[in-house]
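Descriptive analysis of the structure
For reference, the chains in residue letters:
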Amino acid sequence: MRSWWSLGEGSGQPGSELALYQIECPFCTEKGNFKLAFHAEKKKPNGSKKLNFDTYECGSCAGYVQVLWSGSGFSGSHGLHSYRVQPFPIGKPEPSEKWPETISRFWVQAHENETNENWDAAAVMARSALQAALRNQEAEGKNLKEEIDDLLHKGILPKVMKEWADELRLLGNESAHPRDISNPPAEKDVHAVINFLDYLLLYLFDLPTQIQEYRKRKAAKEKE
Ligand SMILES: [Zn+2]
C-alpha cells in the first residue's frame, strides 16, 4: 500500500461496510461481538474517499480494538473495503499445510493450551501429536515408547530426536495418568517439549517436500 488513502481501493473484502463479523478479539478470541465505542473520520480533500477511525468494545471480555477502515467509492455488490486492526491476536498457531490433518489438529490444541497456560492439556496434546506423527511414519510397537524406538532403529529418527521424543512422552504421561501426588508440569518443560515437537514436524514433513521443490527448481533452471 503506497498511502493510507489506497486502503480498500482495488483489493479488500467484499462490501463497502466494515466486515465486523470477521474481526477477532485479541484478548478472548471471540469474533464479531463488538459495540462501537468511538468513531471519527477523515475525508480526502476534494474527494469522497473517507478513512474511518473506530474503536470497538468486545461484548465478551470488555477489551478494546482500534479499527482503521475504508470502503471503495462503489456501494452494493461492487463495493470493497479493507481494514487494519490493532492490537491483533498474538501467537495464533498456524499448522503447516504439509502436515497430515490429524497431526495438525493435536498440534493446534497443544499450542492453544500452551498460550492459555493449561500445562497438563498442552503436554497431553503434544504427546498425541507426537504419536500421530510417528504412526504416520509407520512406527510399530505396542506403545509410544516402542514406536519411538522403532523409528530410531529404522533410521527415521536421529538419536537426539529420539531422546526428545522420550522426554515429551514422559511429560505427557504424567498429565495423562496422574498419580495421587502429582504436580502440573513446569511451564518451562512444556515450552521445551512443544518447541521440540515443532522441530520434529518440520523435520518429518516439511523438509522432505522442501528438498523436492528445491531440486525441481534446480532441474528446471538447468534445462533452460
Ligand atoms: Zn474479547
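Numbering of residues begins from 1 in every chain and follows the order in which that chain's sequence is written. The predicted nature of this model means local features are confined to residues of pLDDT at least 70 and side-chain atom pairs, given and counted, to a pLDDT of 80 or more, with totals for whole chains, interfaces and linings taken over all residues. The side-chain numbers reported here are obtained from all heavy atoms of the structure, hydrogens and water having been left aside.

Description of the domain arrangement of the chain
Note that domain bounds follow an automatic or database assignment of domains. In terms of domain boundaries, the chain breaks down into domain 1 (4-86) and domain 2 (101-219). Of note, the centres of domain 1 and domain 2, computed from C-alpha atoms alone, are 40 Å apart.

What about the coordination of the zinc ion?
Note that water is not among the atoms used; donors are N, O and S atoms within 2.8 Å of the metal (3.2 Å for Na, K and Ca), so sites may look incomplete. At this site the zinc ion is bound by Cys25 (SG), Cys28 (SG), Cys58 (SG) and Cys61 (SG), with donor distances of 2.3 to 2.4 Å. Donor angles set the geometry label: tetrahedral for four donors if every angle is between 85 and 135 degrees, square planar for four and octahedral for six if opposite donors exceed 155 degrees and the others are between 65 and 115, irregular for anything else. Coordination at the zinc ion is tetrahedral, judged from the 4 donor atoms that bind it and the angles of 104 to 113 degrees they form at the metal. Spacing between the donor residues of the zinc ion along their common chain follows C-x2-C-x29-C-x2-C. Relative accessibility decides the category of a residue: with a 1.4 Å probe and only protein chains considered, values under 20% of the type maximum give buried, values over 50% give exposed, and everything between is partly exposed. Note on Cys28: relative accessible area 26%, which makes it partly exposed.

Considerations on the sheet that holds strand β2 (residues 34-43)
Pairing between strands is defined by DSSP: at least two bridges between them are needed. A run of H or I in DSSP becomes a helix once it reaches four residues, and a run of E becomes a strand once it reaches two; helices and strands are each numbered from the N terminus. Taken in spatial order, the 5 strands of this open sheet run β1-β5-β4-β3-β2, and their pairing is antiparallel. Every interior strand has two partners, whereas the edge strands, β1 (13-14) and β2, have only one. Relative to strand β4 (residues 64-71), strand β3 (residues 50-58) runs antiparallel, the two sharing 6 bridges. Bridging from a neighbouring strand, Phe53 pairs with Leu68 of β4.

Thoughts on the packing of aromatic side chains
Working definition: rings of Phe, Tyr and Trp (its six-membered ring) pair if their centres are within 6.5 Å, and the pair is stacked with planes under 30 degrees apart, edge-to-face with planes over 60 apart, and tilted otherwise. Counted under the stated rule, the structure contains 3 aromatic pairs. With centroids separated by 5.0 Å and ring planes inclined at 75 degrees, the aromatic side chains of Trp99 and Trp107 adopt a geometry described as edge-to-face. Here Trp107 falls in the buried class, since its relative accessible area comes to 6%. Summarising the aromatic geometry, the rings of Trp164 and Phe196 are spaced 6.1 Å apart at their centres and angled 15 degrees between planes, so their arrangement reads as stacked. Taken together, the residues span a long stretch of sequence, with Trp164 in helix α4 (residues 159-176) and Phe196 in helix α5 (residues 187-223) at a distance of 32 residues. Overall, the relative accessible area of 37% leaves Trp164 in the partly exposed class. Just above the ring of Phe106 sits the side chain of Arg105; from NZ or CZ to the centre is 4.9 Å. Geometrically, a lysine NZ or arginine CZ counts as sitting over a ring once it is within 6 Å of the ring centre and also within 35 degrees of the ring normal.

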